[in-house]
Amino acid sequence: MTKQHANWSPYDNNGGTCVAIAGSDYCVIAADTRMSTGYSILSRDYSKIHKLADRAVLSSSGFQADVKALQKVLKSRHLIYQHQHNKQMSCPAMAQLLSNTLYFKRFFPYYAFNVLGGLDEEGKGCVFTYDAVGSYERVGYGAQGSGSTLIMPFLDNQLKSPSPLLLPKQDSNTPLSEAEAVDLVKTVFASATERDIYTGDRLEIMILKADGIKTELMDLRKD
Amino acid sequence: MTFTVPIDNGDSVKIAEEESQRTLYPYVTGTSIVAIKYKDGVLMASDMGGSYGSTLRYKNIERVKAIGKHSLLGASGEISDFQEILRYLDELTLNDNMWDDGNSLGPKEIHNYLTRVMYNRRNKFDPLWNTLVLGGVKNGKSYLGMVSMIGVSFEDDHVATGFGNHLARPILRDEWHADLSFEDGVKLLEKCMRVLLYRDRSAINKLQIAKITEEGVTVSQPYSLKTFWEFSSFHNPTAGAEGSW
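Reading the values: rules and limits
- Residues numbered from 1 in each chain as written.
- Chains lettered and ligands numbered in written order.
- Predicted model: local features only at pLDDT ≥ 70, side-chain atom pairs only at ≥ 80, totals over all residues.
- Heavy atoms only, no water.
- Buried < 20%, exposed > 50% of the residue type's maximum accessible area, 1.4 Å probe, protein only.
- Helix = DSSP H or I, 4+ residues; strand = E, 2+ residues; numbered from the N terminus.
- Pairing = 2+ DSSP bridges.
- Axes fitted to C-alpha atoms, helices over the stretch in contact; angles between N-to-C directions.
- Contact = heavy atoms within 4.5 Å.
- Buried area = accessible area lost by both parts, 1.4 Å probe.
- Salt bridge = Lys/Arg side-chain N within 4 Å of Asp/Glu carboxyl O.
- Polar contact = N/O pair within 3.5 Å; in protein donor to acceptor, adjacent residues only side chain to side chain.
- Nonpolar A, V, L, I, M, F, W, Y, C, P; charged D, E, K, R; others polar.
- Parallel < 35°, antiparallel > 145°, perpendicular 65-115°, else oblique.
- Expected span 1.5 Å × (residues − 1).

Draft legend 1. View of the pairing of strand β3 (residues 41–47) of chain B. All names here are of chain B. Counting buried positions along β3 gives seven out of seven residues, so the element sits mostly inside the fold. The pairing of strand β2 (residues 33–38) with β3 spans six bridges and is antiparallel. Directly across from K37, in β3, lies its bridge partner V42. Count of turn residues in the β2/β3 antiparallel hairpin: two residues. Pairing geometry for β3 and strand β12 (residues 207–213), over seven bridges, is antiparallel. Considered in β12, the bridge of L43 is made with K211.

Draft legend 2. Representation of the sheet that holds strand β13 (residues 216–219) of chain B in the model. Residue and element names in this part refer to chain B. Spatial strand order, β11-β2-β3-β12-β13: five strands in an open sheet with antiparallel pairing. Both edges of this open sheet fall to β11 (158–160) and β13, since each of them pairs with a single strand only. Shown here is a sheet whose adjacent strand axes are inclined to one another by a mean of 15 degrees, direction ignored. As judged from the four bridges shared by β12 and β13, these two strands associate in the antiparallel manner. Residue pairing across strands places A210 opposite V219, the latter belonging to β13.

Draft legend 3. Main features of the interface of chain A and chain B. Opposite the 26 residues of chain A that make contact, chain B presents 26 residues. Summed over both sides, the interface of chain A with chain B buries roughly 2,100 Å², with 56% coming from carbon and sulfur. When residues of chain A are sorted by the area they lose upon contact with chain B, W8(A), L42(A) and F108(A) head the list and together hold 30% of the total. For the pair chain A and chain B, the interface holds one salt bridge. Between D66(A) and R122(B) there is a salt bridge, and its shortest N-O distance comes to 3.4 Å. Summed over the shared surface of chain A and chain B, the result is eight residue pairs in polar contact (both at pLDDT 80 or more). Looking at the side of chain A that touches chain B, the elements with two or more residues in it are β4 (40–43) and α1 (64–85) of chain A. Of all the elements, α1(A) adds the most residues to the side of chain A that touches chain B, at five residues. Among the residues forming the side of chain A that touches chain B, the class breakdown is 13 nonpolar, seven polar and six charged.

Draft legend 4. The arrangement of the packing of α1(A) against helix α3 (residues 107–123) of chain B in detail. Between α1(A) and α3(B), the least distance of the axes is 11 Å, while the angle of their chain directions is 105 degrees. Accordingly, the angle class assigned to the pair α1(A) and α3(B) is roughly perpendicular. Along the contact surface, α1(A) presents A65(A), D66(A), K68(A), A69(A) and K72(A), while α3(B) presents N112(B), R116(B), Y119(B) and R122(B). Here the contact of α1(A) with α3(B) is built from residues that sort into three nonpolar, one polar and five charged.

Draft legend 5. Region of the structure containing the pattern of salt bridges. All names here are of chain A. Tallying each qualifying case throughout the model produces 22 salt bridges over all chains. Between K214 and E178 there is a salt bridge whose closest N-O contact spans 3.3 Å. One end of the pair, K214, is in strand β12 (residues 212–219); the other, E178, is in helix α4 (residues 178–195), and 36 residues separate them in sequence. The class of K214 is partly exposed, set by a relative accessible area of 47%. One salt-bridge network, in which partners are shared between bridges, spans R34, R44 and D201.

Draft legend 6. Structural detail: helix α2 (residues 79–99) of chain B. End to end, α2(B) covers 31 Å across 21 residues, agreeing with the expected 30 Å (1.5 Å per residue, within 8%). Residues of α2(B) that are buried make contact with β1 (28–30), β6 (64–67), β7 (71–78), α3 and β8 (130–138) of chain B.

Structural data, given as structure tokens:
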């Protein structure tokens, strides 16, 4: 008798898009609020942005049950860190922790496509982009999720990031002002919403600066 | 669980036994649950059918149950897994009562607990084959959420499982608004359940509507909806197109 195979999948893609842009003294993290399964919409008001520490904010698209579990693991590790070190984790430290946590489940991955945004130890904006098993890189801007293929080329064009291969390493943070970066984010999401069925409903934008976090909401097309 | 000395033969037999215990497909299933928040709390509707494949095997299954003082749990999918979940929740609420500290589990806590249970079972490749709806009121705040069999969860003002997601949700998106009265809420749910009756082949015309408010839980007696078949196009259906179609 042949081995029976399960007719259910432990994974599902709940769609959505996440973007982050690093500036000289700020970081913009944005994601839409639509959660889907197959061709149905489950919720028009589901936040994909999670604050992990004062200066590290995670935005993840993909399988939301895995995202939630990942977030819980990171939150509890951060709490332990705070107890042991009497300070909050820095963004680069959180970036390494996230990578390790993802790789820990290398053979049954968290189906989560992450963008980590925040401020580094010098107060400059930083963005880290990941794949599902923890491979990561610090970049000036990043996009993940169902609309990433529509957004990334446009960001490449508008933010003109220098090649990461150049020596000495050039600063990849954008010289744009905070208002210009927010405007750019609104533009890319409005465009992605037009062509990506899994992106839409509402856009949540978090702006991280040394003095705190501001949140902005913008309506997107609901079709 | 038998204790055996690990020899080649013994191990392979044990592994074969363990493999066959995993869930492959559901047997007795319940269809959609539809639930909405309204002025005083949450309303949840379900029919009372339990299907065994294409056979309507059970016609008196309550798929909405009260949990503790503050919550209602509705389930679609495998009925035996729902009963198992009720046993887990019994244990949870019993332990909560035994603390005797004046605190009681609210709907948000139970929703979180259920999400963890469903996700952990999915991680072991042995899921509880249910989509759960958790509604409740605590300290004046209404709560309504859903968990799927692989652990995806969210909250909203209105939720529906299975076919309800496709047929009822659009109606609710159009006609739901905050602070519905009890009568309007029931009318809205009945509208959704009627569409499901017409279009979901596993739905039966025997439903219950459960209500939860700050005061407590009330589950209605089973009743049936009026259906309307007197549409002019149902008379002489081949009039427009003669032939065997």
